[in-house]
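Per-entry structural report
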Amino acid sequence: GLGDVYKRQGERGKTYEVEFDYRNTKDSLLVIHDVRHSCDCVVPQWKNAPLRKGESGKLTVRFTPKGHGYSMQSVMVYHNQSRYPSRLTIRAEAK
C-alpha cells in the first residue's frame, strides 16, 4: 500500500525498477493528481485513471543511485482521498 518502504542493495549508475501496489478501499473514486520525487535519480510512472472501490493500481519507480553508500529518496503521491500526500520511501546501499 501507499507509505511502503523499499530497500535494496545495488550498483551505482545501474537503474532499478520498484513497484508499489495500491488499492482503493473507499467508496469514492481514487484519483492520483500528481507524483513528486526528491531527486532526478527517481522517475515515477503510473496509470492516471480513477480507481473504483476494490480496484488496484501500480506505481512504478525507476531509481538510479548516483553515488556510493547509503541513499534514501522519497516519492510523494498526491491524491483526492487526503489533504496530505502519501510518502513512499526508497532506501538503497550502492556499491
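Here is what the cut-offs are and how they apply
Residues numbered from 1 in each chain as written. Predicted model: local features only at pLDDT ≥ 70, side-chain atom pairs only at ≥ 80, totals over all residues. Heavy atoms only, no water. Phe/Tyr/Trp six-rings, centres within 6.5 Å; stacked < 30°, edge-to-face > 60°. Lys NZ or Arg CZ within 6 Å of the ring centre and 35° of its normal. Salt bridge = Lys/Arg side-chain N within 4 Å of Asp/Glu carboxyl O. Helix = DSSP H or I, 4+ residues; strand = E, 2+ residues; numbered from the N terminus. Buried < 20%, exposed > 50% of the residue type's maximum accessible area, 1.4 Å probe, protein only.

1. As for the packing of aromatic side chains
- Counted under the stated rule, the structure contains zero aromatic pairs.
- One Lys or Arg, Arg 36, reaches over the ring of Tyr 78 and ends 4.6 Å from the middle of that ring.

2. Details of the pattern of salt bridges
- Applying the stated criterion across every chain yields a total of four salt bridges.
- The closest approach of N and O atoms between Asp 21 and Lys 58, which form a salt bridge, is 3.9 Å. Here Asp 21 is found in strand β2 (residues 16-23), whereas its partner Lys 58 is found in strand β5 (residues 56-63), with 37 residues between them in sequence.
- The class for Lys 58 is partly exposed, based on a relative accessible area of 39%.

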